[in-house]
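Chains, contacts and geometry: an overview
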Amino acid sequence: MSTSPDYSSIDTSVDRAPATAEQLEEEGDVAADFIEGLLDIADIDGDLDLDVRAGRAYVSVQAPEGGSVSLIADPDTVQALQELTRIAVQNRTGRFSRLILDVGGSRDTRQRQLEQLVGRAIDRLEDGASQASLPAMSSYERKLVHDIVAERGFVSESYGDGADRHTVIRRA
């Protein structure tokens with residue numbers, strides 16, 4: 001007799017069609033419920049704000065006066081929470097989610113880190129390198145990098161698959 005779970009009945013198909021505004025609002029609501037539950041478990045006070053823009057649901061957690069959201073605002077922690085939240089949304093809706101989670105300004109912090117990373121890569125190019133590779137990062141972060149690179153007059157492309165996908169910067 002086997003004690004292994006039977007996964008044969010689990011539906012692994014996920015709808016990856018672009019979401020409608022109504023579906024994105026639903027994603028935001030499901031994500032907010034999930035995040036509220038996590039905040040309650042961790043005894044962290046946070047105010048949630050939901051938005052839909054550029055084909056994505058955005059969930060922002062801000063600290064009320066004297067709140068403790070900073071405990072989970074590290075960009076790496078937020079990335080992990082975002083992935084968990086996406087899985088919860090996908091489980092509930094049956095659709096792939098590209099939602100973005102911001103905790104206590106973590107997205108602004110990550111934007112500044114990416115700007116510094118791109119700056120160092122451009123310095124290498126200006127010192128004679130033919131290209132500069134950045135570490136693997138999420139699709140959202142790569143999009144931010146592409147925007148930063150273009151603003152600075154350089155070109156970038158993404159290479160690799162899955163968790164190894166990274167950006168390479170070159171002169172225009």
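These numbers were taken from a predicted model, which means no experiment stands behind them.

Definitions and cut-offs
Residues numbered from 1 in each chain as written. Predicted model: local features only at pLDDT ≥ 70, side-chain atom pairs only at ≥ 80, totals over all residues. Heavy atoms only, no water. Helix = DSSP H or I, 4+ residues; strand = E, 2+ residues; numbered from the N terminus. Buried < 20%, exposed > 50% of the residue type's maximum accessible area, 1.4 Å probe, protein only. Axes fitted to C-alpha atoms, helices over the stretch in contact; angles between N-to-C directions. Parallel < 35°, antiparallel > 145°, perpendicular 65-115°, else oblique. Left-handed = near helix turned anticlockwise from the far one by under 90°. Contact = heavy atoms within 4.5 Å. Pairing = 2+ DSSP bridges. Patch = residues over 30% accessible without salt bridge, like charges linked within 9 Å, V, L, I, M, F, W, Y side chains within 5 Å. Areas by Shrake-Rupley, 256 points an atom, 1.4 Å probe, with all protein chains shown as cover. Salt bridge = Lys/Arg side-chain N within 4 Å of Asp/Glu carboxyl O. Lys, Arg positive; Asp, Glu negative; His and termini not counted. Charge placed at Lys NZ, Arg CZ, Asp CG, Glu CD.

Right, let's talk about the overall build of the protein for a bit. Along the backbone of the protein there are four helices and six strands. When the helices and strands of the protein are listed from N to C terminus, the series reads α-β-β-α-β-α-β-α-β-β. Projected onto its principal axes, the C-alpha coordinates of the protein cover approximately 60 × 50 × 35 Å. Out of the 172 residues belonging to the protein, those deemed buried represent 36%.

Bringing the packing of helix 2 (residues 75-93) against helix 3 (residues 106-126) into the picture now. The geometry of a pair of packed helices is captured by two quantities: the angle between their axes and the separation between those axes. Relative orientation of the contacting elements helix 2 and helix 3 amounts to 120 degrees, with a least axis distance of 9 Å. Classified by the angle between their axes, helix 2 and helix 3 sit oblique to one another. Helix-helix and strand crossings are classified by hand; for helix 2 and helix 3 the assignment is left-handed. Side by side, helix 2 and helix 3 meet where Pro75, Val78, Gln79 and Gln82 of the first sit next to Ser106, Arg107, Thr109, Arg110 and Gln113 of the second.

Moving on to the pairing of strand 3 (residues 100-103). Consecutive side chains of a regular strand alternate in pointing toward one face of the sheet and then the other. Residues of strand 3 alternate between two faces, with Ile100 and Asp102 on one and Leu101 and Val103 on the opposite face, all of them buried. Where strand 2 (residues 56-62) lies against strand 3, four bridges are found, and the strand directions are parallel. Paired with Ser60 across the two strands is Asp102, which belongs to strand 3.

Further remarks concern unusual backbone geometry. A positive phi angle, close to 55 degrees, is found at Asp43, a residue other than glycine. Note on placement: Asp43 falls in the loop between helix 1 (21-42) and strand 1 (47-53). According to the relative accessible area criterion, Asp43 is exposed, its value standing at 65%. Here Ala54, not a glycine, exhibits a phi torsion of approximately 50 degrees, which is positive. Of note, Ala54 is situated in the loop between strand 1 and strand 2.

Attention now goes to the sheet that holds strand 4 (residues 132-133). The strand order across the open sheet built from three strands is 4-6-5, with neighbouring strands paired in antiparallel fashion. What marks the edges here is a single partner per strand, and that holds for strand 4 and strand 5 (154-159). Against the sheet, helix 4 (residues 139-151) engages strand 5 and strand 6 (166-171), with an angle of about 160 degrees to strand 5.

The next thing to look at is the sheet that holds strand 2. The strand order across the open sheet built from three strands is 1-2-3, with neighbouring strands paired in mixed fashion. Whereas interior strands pair on both sides, the edge strands pair on one side only; in this sheet they are strand 1 and strand 3. The mean angle between the axes of side-by-side strands here comes to 15 degrees, regardless of whether they run parallel or antiparallel. The sheet contact formed by strand 1 and strand 2 spans seven bridges and is antiparallel.

This next bit is on a negative patch on the surface. A contiguous patch of negative charge on the surface is contributed by Glu22, Glu25, Asp29, Asp33, Glu36, Asp40, Asp43, Asp45 and Asp47. Sorting elements by how many residues they give to the negative patch places helix 1 first, with six residues. Its place among the elements puts Asp40 in helix 1.

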